[in-house]
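Survey of secondary and tertiary structure
So you can see what is in the structure, the chains are spelled out below.
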Number of protein chains: 2
Amino acid sequence: MLGNFIYSNPTKLYFGDEAQKHLSDALGGFGKKVLLIYGGGSIKQNGVYDDVIEALTTAGKEIVELPGVMSNPTLDKLDEGRRIARENDVDFILAVGGGSTIDYAKAVSVSAWYDGDAWRNFWVNQNNPAADARIIPVGAVLTMAGTGSEMNGGSVITNRAENMKIGKVFGENVMPKFAVLNPRYTFSLPRRQMIAGIFDTMSHIMEQYFSGDDDCTSDYLAEGLMRSVIASSRAAVKNPEDYEARSNLMWSSTWALNTLLKAGKTQDWMVHMIGHAISACTDATHGMTLSGISVAYYRHIMPGCPARFARFAKVVWDVCPDGRSDEEIASEGLDALGAWIREIGAASEITSLGVTSDMLDKIADATIILPGGYRRLSHDDIVDILRESL
Amino acid sequence: MLGNFIYSNPTKLYFGDEAQKHLSDALGGFGKKVLLIYGGGSIKQNGVYDDVIEALTTAGKEIVELPGVMSNPTLDKLDEGRRIARENDVDFILAVGGGSTIDYAKAVSVSAWYDGDAWRNFWVNQNNPAADARIIPVGAVLTMAGTGSEMNGGSVITNRAENMKIGKVFGENVMPKFAVLNPRYTFSLPRRQMIAGIFDTMSHIMEQYFSGDDDCTSDYLAEGLMRSVIASSRAAVKNPEDYEARSNLMWSSTWALNTLLKAGKTQDWMVHMIGHAISACTDATHGMTLSGISVAYYRHIMPGCPARFARFAKVVWDVCPDGRSDEEIASEGLDALGAWIREIGAASEITSLGVTSDMLDKIADATIILPGGYRRLSHDDIVDILRESL
């Protein structure tokens, strides 16, 4: 059943191997001074930077560059961005990169003209909406599929001093005005990053799917999207330049977390909460923290709704029920999930991410505990899940 | 594979059994004089009219009423609406009803201030975009699920003098600014209308799905949505007041035709073309014209891509492949589609819709022939399909 909700997603998407041709026109509707945000500079090697500069120049923009956004963007880096945006009084922010870069751009967007403590009032306090301060509009050119940041209001920021990594979901006034989605822009991504993005996408879908035991259209859409991600992931790991697979993965990642799948239903999100805590303590790659703990996590919560996990096994993994119990079918489905994690080369444990047994308490302490899809975890549950994932 | 495309869908949706509480606020952003468009007056029996008038009054609007929109809205009725909209210089159009009413509202929206021949230049000439004339913004309160008109730019108009029923897809400036989707508003709909809407939804999905033989995310989403429609339809025909089923059907119908499923792919749409020709010649209910011919149509085009039809059988209808050929599996899938049509009580032939064997040539003449998903039909093919559907 679908509960009451409002769906509104005005982000305009330009998709395909010619998508960048629209960038100059898309920029046309916004002001002259553009803050160009990007990461470590890989876009200067793969031609994306040149395409973007050409579009900005054609559109007659004045460019202020802000490079160096790291994965797991930090509060310190945010303070730098706020200062630069404000000192230059930029009219628009163009983020060129993956989820970290776009998340960071949105964080600068809402906090540049906000005089209060942005970390405390926006991220730590989840119930605080974006303040009345001026919001600088954001656009995005996507170079890594996974986070869905290109079509949602999410922004994850890491506070290294406090060992906290927190995601905040802002409203539609903070969502990108447009995004350029060219699957070829993801071809030069390191293999490990591609795989991390694939699992991040899968995790977004699963964390919305594993909640509720009713009949709800959103869950059927989730199943379709998971089947697509699995099929495309297998082709992409064989040949990362398979355009069909990479275009499907890019589109799937956008729809995995752009507010459609959560429509009218409860959600889980504890894998992300634990994964964020692992990243806060180790700086490990986001998608790999999720793959490293997922099987252990889902085995813990499966008894809360064996029927849903059995459905997952049958519909998503084509497990044959053979007259067995839901628990048995569910267990085979989670085996299939684990086998797929290994097959595509995602992390199937967290030791390789730098987690050691003496860190488990600290990670559990840093985990924000949500109600969960089928069970509210205790601190000890989280330590158990982490230990089983070592 | 996903080809190049632009996705932009700014319609804001208020969904749920309390959705109408947002109507007054949603109207706030638009001008004072509202043209209230509705159908035969059933909204005065079921309380919807009262809810709408209350919201309009709260929002301080001046109301001009335009009732009497028929299913298959005609060009004559459109001329009446253009005149009323223009004479009253309305600022906004609020359509309260199903797809016919909302289609009609969009037709008035684009043509009220257009001085040329709207029928010829917008509907007959499919390549003509909406003219530069002022477009009156539209909002919708949905009372029947099926057409998807609440979140797209489509508008189907019937020219009785020419025996032509033509759908035009306008751009996002013609799409509803918002839509109120309260599943309870559909409870009082006659059973036959509910069933017609269910098959219309299913047909929208199938006509986008049955084209292409590649691996494409859009097709996986289509499969998920079809599974949801089938499950909910079975519950809804048992108990039309099953909120879970009706809410899923309403949401599925919106996403079946709001531009998501067609993203990056070719499409078919010949069932709609033949169905429109049947309605133009008989005034038969739209959804029933589609169910009446679908099995015969798909058996005709199946040889063009047995693999896709076998996939449809397995994923959507849970047909067990049992080592058989794609053609055999595909055929069992189409049997399942036919059995479902009979199970839910949709028309499984077109004789009951008023079609007689002497009309087949005329209907084929009135059919707009598109390239098709797997095969371009000839006039004789259409006559054959119609004859097999008698």
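Residues numbered from 1 in each chain as written. Chains lettered and ligands numbered in written order. Predicted model: local features only at pLDDT ≥ 70, side-chain atom pairs only at ≥ 80, totals over all residues. Heavy atoms only, no water.

So, on to the interface of chain A and chain B. By convention, interface size is frequently given as the accessible area that disappears when the constituent parts associate. Contacts between chain A and chain B engage 45 residues on the former and 45 residues on the latter. Both faces combined, the contact of chain A with chain B buries some 3,700 Å², and carbon together with sulfur accounts for 60% of it. Where chain A packs against chain B, one counts two salt bridges. Linking chain A to chain B there are 20 residue pairs in polar contact (both at pLDDT 80 or more). Elements that contribute at least two residues to the side of chain A that touches chain B include exactly β1 (5-7), β2 (12-15), α7 (217-238) and α8 (243-256) of chain A. At 10 residues, α7(A) tops the list of elements feeding residues into the side of chain A that touches chain B. A per-class count over the side of chain A that touches chain B returns 22 nonpolar, 15 polar and eight charged. As paired strands, β2(A) and strand β1 (residues 5-7) of chain B are joined by three bridges and run antiparallel to one another. Of the residues in β1(B), the one forming a bridge with A:L13 is B:Y7. (Contact = heavy atoms within 4.5 Å. Buried area = accessible area lost by both parts, 1.4 Å probe. Salt bridge = Lys/Arg side-chain N within 4 Å of Asp/Glu carboxyl O. Polar contact = N/O pair within 3.5 Å; in protein donor to acceptor, adjacent residues only side chain to side chain. Helix = DSSP H or I, 4+ residues; strand = E, 2+ residues; numbered from the N terminus. Nonpolar A, V, L, I, M, F, W, Y, C, P; charged D, E, K, R; others polar. Pairing = 2+ DSSP bridges.)

Residue and element names in this part refer to chain A. For helix α3 (residues 75-87), spanning 13 residues, the distance from its first C-alpha to its last is 18 Å, which sits close to the expected 18 Å at 1.5 Å a residue. Listing the buried residues of α3 in full gives L75, K77, L78, G81, R82, I84 and A85. Those residues of α3 that are buried lie in contact with β3 (33-38), β4 (62-66), α4 (99-111), α5 (118-124) and β7 (154-159). Remark: D89 follows α3 within two positions and exhibits a positive phi of approximately 45 degrees. (Expected span 1.5 Å × (residues − 1). Buried < 20%, exposed > 50% of the residue type's maximum accessible area, 1.4 Å probe, protein only.)

This part is about the pairing of strand β2 (residues 12-15) of chain B. Relative to strand β9 (residues 178-181) of chain B, β2(B) runs parallel, the two being bridged by four bridges. Opposite B:K12, over in β9(B), you have B:F178 as the bridge partner.

Let us now look at empty space enclosed by the protein. All names here are of chain A. In this structure the tally under the stated criterion is four cavities of 30 Å³ or more. Space inside the largest cavity adds up to approximately 90 Å³. Every residue along the wall of the largest cavity is listed here: M144, A145, T186, L189, M194, G197, I198, T201, R246, L249 and M250. Put simply, the parts of the chain that give the lining of the largest cavity at least two residues each are α6 (191-209) and α8. With four residues, α6 is the single largest residue contributor to the lining of the largest cavity. Classifying every residue of the lining of the largest cavity gives seven nonpolar, three polar and one charged. Considering only enclosed or pocket space, the second largest cavity measures out at about 80 Å³ in volume. (1 Å grid on protein atoms, 1.4 Å probe; cavity = no way out; pocket = protein on both sides within 12 Å on 5 of 7 lines; lining within 4 Å. Points joined across faces, edges and corners; volume = space filled by probe spheres on them.)

All names here are of chain B. In terms of residue burial, strand β7 (residues 154-159) counts as a mostly covered element, since five of its six residues are buried. Of the pairings in the sheet, the one linking β7 to strand β8 (residues 164-169) comprises six bridges and is antiparallel in character. Across the sheet, residue N159 finds its bridge partner in β8, namely M164. Taking the residues that link successive antiparallel strands as the turn, the β7-β8 hairpin has four residues, and the phi of N163 there is positive, at about 55 degrees.

Pairing is mixed across the open sheet formed by seven strands, whose spatial order is β4(A)-β3(A)-β5(A)-β6(A)-β9(A)-β2(A)-β1(B). Edge positions in the sheet fall to β4 of chain A together with β1 of chain B, since each has one partner strand and no second. Taking each pair of neighbouring strands and ignoring which way they run, the sheet shows an average axis angle of 20 degrees. Direction of pairing for strand β6 (residues 138-142) of chain A relative to strand β9 (residues 178-181) of chain A: parallel, over a ladder of four bridges. Residue pairing for β9(A): A:V141 is matched across the bridge by A:V180. Packed onto the sheet, α8(A) meets β2, β6 and β9 of chain A together with β1 of chain B and runs at close to 170 degrees relative to β2(A). (Axes fitted to C-alpha atoms, helices over the stretch in contact; angles between N-to-C directions.)

Attention now moves to the nonpolar core. Judged by nonpolar contacts, the single largest core of 239 residues is most densely connected at A:W123, A:W251, A:W340, B:W123, B:W251 and B:W340. Excluding its chain neighbours within four sequence positions, the residues that come into contact with B:W123 are B:L78, B:A107, B:V110, B:A118, B:S155, B:I157, B:I166, B:G167, B:K168 and B:F170. Ranked by size, the runner-up nonpolar core spans 22 residues in total, among them A:L23, A:V48, A:F178 and A:V180. (Core = buried A, V, L, I, M, F, W, Y, C linked by side-chain atoms within 4.5 Å.)

Moving on: the environment of A:I369. Residue and element names in this part refer to chain A. When you line up the elements, I369 lands in the loop between α13 (360-366) and α14 (379-388). C-alpha of I369 to C-alpha of M270: the two residues are 99 residues apart in sequence and 7.1 Å apart in space. The contacts of I369, once residues within four sequence positions are left out, are M270, R376, L377, S378, H379 and I382.

By the definition in use, this model includes zero disulfides over all chains. Between A:C216, a cysteine without a disulfide, and A:C305, which holds the nearest cysteine sulfur, the sulfur-to-sulfur distance is 13 Å. No disulfide involves B:C320; its sulfur sits 7.6 Å from that of A:C320, the nearest cysteine. Note on B:C320: relative accessible area 44%, which makes it partly exposed. (Disulfide = S-S within 2.5 Å.)

Glancing now at the relation of the copies chain A and chain B. Turning chain A through 180 degrees and shifting it by 0.0 Å along the axis lays it on chain B, with an RMSD of 0.0 Å. The relationship between the two copies is best expressed as a two-fold rotation axis. Of all interface residues in chain A, 100% are interface residues in chain B too; the two copies therefore contact each other through one and the same surface. (Least-squares fit on C-alpha atoms with pLDDT ≥ 70 in both.)

Spatially, β1(A)-β2(B)-β9(B)-β6(B)-β5(B)-β3(B)-β4(B) is the arrangement adopted by the seven strands of the open sheet, whose pairing is mixed. The sheet terminates laterally at β1 of chain A together with β4 (62-66) of chain B, the two strands that pair on one side only. When the angles between neighbouring strand axes are averaged without regard to direction, this sheet yields 20 degrees. Note: strand β3 (residues 33-38) of chain B against strand β5 (residues 92-97) of chain B, five bridges, orientation parallel. Pairing of B:L36 across the sheet is with B:L94, part of β5(B).

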